[in-house]
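Report on the structure
Listed below are the residues making up each chain.
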Amino acid sequence: MQELVLIQPGSAARSEWVREAAQADARREFEERLRECGPLAYRVARGVLRNAADAEDVAQEALLRAYRGFDRLRDRSRFRAWLVRIAFRLALDRLRSAKRREQRDTLWSQPAHLPPPATAEDIAVSNQFQGHLERVLDELPEKLRLVLLLSAMEGYTIDEIAEMVGVPTGTVKSRIFIARKKLAEKLRCHANTIKMP
Amino acid sequence: MPCEHYKDALTEAAATGVGPQGALRAHLTACDSCRAAFEQEQSLFTAIDSGLHAAANAEVPPSLLPRVRAGLDEVAVAPPPRWLQPLVFASAGVALAFVVFLIARPYHATPENVVRQGPVFAPTAITPGTNANPGKIPAAAAETASTGANPSHTARNSTFFHPVASSNPQVLVPADEHEALARFVATLSQRSDVATAFLAQTPERKDALVSPDLLQIADIEIKPLEGGEAEASHSVGEKR
Ligand SMILES: [Zn+2]
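Keep in mind that what you see is a predicted model, and the values were worked out from it rather than measured. (Residues numbered from 1 in each chain as written. Chains lettered and ligands numbered in written order. Predicted model: local features only at pLDDT ≥ 70, side-chain atom pairs only at ≥ 80, totals over all residues. Heavy atoms only, no water.)

To continue, consider the overall build of chain A. Broken down by element type, chain A carries nine helices and one strand. Classification of the 197 residues of chain A by burial places 48% in the buried group. Intrachain contacts of chain A at a sequence separation of at least 6 include 70% that bridge at least 24 residues. Accessible area for chain A stands at about 9,400 Å²; split by element, carbon and sulfur atoms hold 51% of it. (Helix = DSSP H or I, 4+ residues; strand = E, 2+ residues; numbered from the N terminus. Buried < 20%, exposed > 50% of the residue type's maximum accessible area, 1.4 Å probe, protein only. Contact = heavy atoms within 4.5 Å. Areas by Shrake-Rupley, 256 points an atom, 1.4 Å probe, with all protein chains shown as cover.)

Following this line, the structure appears as structure tokens:
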């Protein structure tokens, strides 16, 4: 005759191995999100901080926070939206730190990913313009800055940006338009004094 | 019309990327200075867009993901909200207990069954608080009654983990399905849809699970003892 055991499913579920199994499941699922959204977190931070080392720190912190709250963030789009916002917020916090600002200023003249211009003069001009552009970006209101940054990233539609930021697509479009105009206003004088790339 | 009038329209047209339309377009074909200003604005927005693209698409350092993975080992995932856990466990437990109750019902130790059936060979889950007549037959007495005829039976075929004081319902499962059940219950805590589906199907399965004809025991025939004393057999037993 088959052996029977009397168990309490509730207490069994709380047992150690069940917790470990759940942890392994979460880890596996998180790994997918990490590969998919890790670069996004980095680029959001990098767009704000303009410093690779700081952006990497911030992206790591944001991703670890996301993992801690992963039970609430298992839904794909919810995870991405949360991650973008937390990475942006952490990057802004770090940017406000005077100590970091000093460090960053020394790296400002080395923008990360510009196509190599033809001449030394062009390099000087484009770097100068890029430096001004990024400085002016800092002066934009936060909500405009995040949307503009996401819209400039490769691979995200307006609908996806709206989902990440949590506003209607119409709002995203108008924020992009307003942000670009504000940048143009601030850069117009500068553009008149130097040659644009 | 003075050139100043077209200033805003000119900027808007450059900002949207849509070519100049209507009156502006006509003016630009006629006015060299406005055309030059428009081209300047277009270059400005082109420069802004390429600068933004550069700022927003920085190459991701290859060290990022390994760093995060290393950090994960030191981080524990927070459990779901505290109020949710007991709710899920309770629903799952109630559903399972109900199914097991339906399966075990023909053998359930009621006072009537104890008298009529004598030794009970089917497993009986004794859960404090579920006895229909707790005043008449205490759980401990029912256990004794059901196993009295074959005291080694329970010890041989069941492993009783003596219940700790807990609100969790208990169920009897085959030993080799113990793990599977625990896994299933763990899934329920993460998958509310499964739990809902499970609970929703329970009433439909009721008819399929109830099998009242499984155990048929003929009525005990009560005969008067020889010698004419019309006493029931059980009261004889009591006298001895
Ligand atoms: Zn004109």
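Back to the write-up after that little detour.
All names here are of chain B. Cys 3 (SG), His 27 (NE2), Cys 31 (SG) and Cys 34 (SG) make up the full set of protein donors to the zinc ion, lying at 2.1 to 2.3 Å. Around the zinc ion, the four donor atoms sit at angles spanning 93 to 120 degrees, and that spread fits a shape best called tetrahedral. Along the chain, the residues donating to the zinc ion fall in the pattern C-x23-H-x3-C-x2-C. On the accessibility criterion, Cys 31 (12% relative accessible area) is buried. (Donors = N, O, S within 2.8 Å, 3.2 Å for Na, K, Ca; no water. Tetrahedral: all angles 85-135°; square planar, octahedral: opposite > 155°, others 65-115°.)

Before going further, it helps to spend a moment on the confidence of the model for chain A. Within chain A, residue pLDDT values average 83, and 75% of them lie at 70 or more. Per-residue pLDDT stays below 50 along residues 111-118 of chain A; that stretch engages in 15 contacts with residues further than four places along the chain or on separate chains. (pLDDT = per-residue confidence, 0-100.)

The next subject is the pattern of salt bridges. Residue and element names in this part refer to chain A. All told, the structure shown has 24 salt bridges over all chains when counted by the stated rule. Two residues, Arg 50 and Glu 134, come together in a salt bridge whose shortest N-O distance is 3.3 Å. In this pair, Arg 50 sits in the loop between α2 (16-49) and α3 (52-68) while Glu 134 sits in helix α6 (residues 120-139), placing the two residues 84 residues apart along the sequence. Note on Arg 50: relative accessible area 4%, which makes it buried. Salt-bridge contacts for Glu 142 lead to Arg 96; the nearest nitrogen and oxygen are separated by 2.5 Å. (Salt bridge = Lys/Arg side-chain N within 4 Å of Asp/Glu carboxyl O.)

Time to look at the packing of helix α2 (residues 22-30) of chain B against helix α3 (residues 32-56) of chain B. Residues and elements named next belong to chain B. At their nearest, the axes of α2 and α3 sit 6 Å apart, and the two run at 110 degrees to each other. Taken as axis vectors, α2 and α3 run roughly perpendicular relative to one another. When the axes of α2 and α3 are compared, the crossing they make is left-handed. Between α2, through His 27, Leu 28, Thr 29 and Ala 30, and α3, the contact on the second element is made entirely by Asp 32, Cys 34, Arg 35 and Phe 38. (Axes fitted to C-alpha atoms, helices over the stretch in contact; angles between N-to-C directions. Parallel < 35°, antiparallel > 145°, perpendicular 65-115°, else oblique. Left-handed = near helix turned anticlockwise from the far one by under 90°.)

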